[in-house]
Amino acid sequence: MHDTLPLLNNGKFPRIYRGKVETLQINLGYLCNQACLHCHVNAGPTRKEQMTLDTIEEIVQLIDNVKPKMVDLTGGAPELNVHFKYLVTQITKRRISIIDRCNLTILSEPGQEDLTQFLSKHKVIVTASLPCYSEENVNSQRGDGVFERSIDGLRQLNGAGYGKGNPDLQLHLVYNPIGASLPPPQKTLEKEYKQHLSENYDVSFDSLLTITNMPIKRFGSTLISRGEFGSYLQLLESSYQEKNLASVMCKTLLSIDWEGYVYDCDFNQMLGLPFGDTEKKIHVRDLKMGELDGNPIAVRDHCFGCTAGNGSSCSGAMQ
Ligand code: SF4
Ligand code: SF4
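Just so we're clear, the structure is a prediction, and the values are computed from it rather than from any experiment.

Looking along a regular strand, one sees side chains alternate from face to face of the sheet. Buried residues dominate strand β2 (residues 70-74), accounting for 5 of its 5 residues. Alternating residues of β2 divide into M70, D72 and T74 and V71 and L73, and every residue in both groups is buried. A crossover links strand β1 (residues 23-27) with its parallel partner β2, the connecting element being helix α1 (residues 53-66), and its sense is right-handed. By the bridge criterion, 4 bridges tie β2 to strand β3 (residues 97-102) in an arrangement that is parallel. Note that in β3 the partner of L73 across the bridge is D100. Considered for its hand, the β-α-β crossover made up of β2, helix α2 (residues 84-93) and β3 is right-handed.

This is how it looks when you write it as structure tokens:
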């Protein structure tokens, strides 16, 4: 594996600027019970980075200042942060929607027995990765036994009322391609997923989000090892669709790392590209509200991953 990947900038990605912030995406740490091949965070069971309670309090202050519509909790497995429930409770009190980016297997980890009930009580939207509906493909990408445990997780969530069309108990699945290709059309794949999972496993979900793999971190290293890095970047760039530019998530989102530093998006966070295309990282406590609207966004070649084909964001395809 390559620890350091090239941060490429051919200068062809258009300049873009932030609009009004509607979503705060918070990375609670890199600890995860899985170590998936496509992980753009390099998360895993041996990672130690975890957001502290002090930083969480600073973020709650930021939430009060920004008043976002949505707070999106990610990791690693965000639920493994010991302050996860405290933060969810603080956000719920403010009547702001919450997404938990859940890997499904966390629901059957020791010590997480009450997690499903906690999520449903707080009406947390569960967005769960299931990169394929085939057992073989999921296990090859995410590890042996992950598919079966993911189905168990879906059953638990369905049992609590998730994934059955209730807007208070939303369950979305996330698909990403196994290899160096773009995702297929979201609606077509959603239909196939729903049919297959219902007929074979008797589980349901609300919608499928297709996400393009970013050529960074573990997935980028895998591409380099396979000699596919350059051709994948070329594919992303040649599949550029201008109409996707209006919907790239960085225009309405702020991403915060486990130490409380701010970035234009989760991918830039992983690349260490500071917020606002500046040299120096900015901490949430030093963020000036006036600096948000109209601020330039740090774009590099990986940004073509957001605009390629049907477009890709944390909410799935754009078209
Ligand atoms: S992709 Fe998700 S579940 Fe897999 S290692 Fe990364 S954070 Fe964990
Ligand atoms: S990678 Fe990040 S900064 Fe680049 S276009 Fe996508 S969301 Fe915006």
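Here the narrative resumes.
Here we take up the sheet that holds strand β6 (residues 207-210). On the basis of which strands lie adjacent, the open sheet formed by 9 strands has the order β6-β5-β4-β3-β2-β1-β7-β8-β9 and mixed pairing. For this open sheet the edge positions go to β6 and β9 (282-283), each flanked by a neighbour on one side alone. Here β1 runs beside strand β7 (residues 253-256); their pairing, made up of 4 bridges, is parallel. What sits directly across from T23, in β7, is L253.

So, about the pairing of strand β5 (residues 171-175). Where burial is concerned, most of β5 is hidden: 5 out of the 5 residues are buried. Neither face of β5 is left uncovered, since the one carrying L171, L173 and Y175 and the one carrying H172 and V174 both have all their residues buried. Relative to β6, β5 runs parallel, the two being bridged by 4 bridges. Within β6, the position partnered with V174 by the bridge is L209.

Let us now look at the nonpolar core. In this structure, L119, L173 and Y193 are the most contacted members of the largest nonpolar core, which totals 88 residues. The leading source of residues in this core is α1, at 6 residues. For Y193, the contacting residues outside a window of four places in its chain are L130, P131, C132, Y133, L173, Y175, F205 and L208.

Before going further, it helps to spend a moment on the packing of aromatic side chains. Scanning the entire structure with this criterion turns up 8 aromatic pairs. For the ring pair Y193 and F205, a centre distance of 6.3 Å and an interplane angle of 80° mean the geometry is edge-to-face. Here the residue Y193 occupies a position in helix α6 (residues 186-201), and F205 occupies one in the loop between α6 and β6, the gap between them amounting to 12 residues. Residues Y193 and F205 agree in their burial class; the two are buried. Residues Y240 and F304 carry aromatic rings whose centres are separated by 5.9 Å and whose planes lie at 80° to one another, so their mutual orientation is edge-to-face. Taken together, the positions of Y240 in the loop between α8 (229-238) and β7 and F304 in helix α10 (residues 304-307) put the pair 64 residues apart, joining distant regions of the chain. Since its relative accessible area comes to 4%, F304 is described here as buried. An aromatic cluster is built from F13, Y240 and F304, whose rings are joined through pairwise contacts.

Criteria and cut-off values
Residues numbered from 1 in each chain as written. Chains lettered and ligands numbered in written order. Predicted model: local features only at pLDDT ≥ 70, side-chain atom pairs only at ≥ 80, totals over all residues. Heavy atoms only, no water. Buried < 20%, exposed > 50% of the residue type's maximum accessible area, 1.4 Å probe, protein only. Helix = DSSP H or I, 4+ residues; strand = E, 2+ residues; numbered from the N terminus. Right-handed = clockwise from strand over helix to strand, strands pointing away. Pairing = 2+ DSSP bridges. Core = buried A, V, L, I, M, F, W, Y, C linked by side-chain atoms within 4.5 Å. Contact = heavy atoms within 4.5 Å. Phe/Tyr/Trp six-rings, centres within 6.5 Å; stacked < 30°, edge-to-face > 60°.

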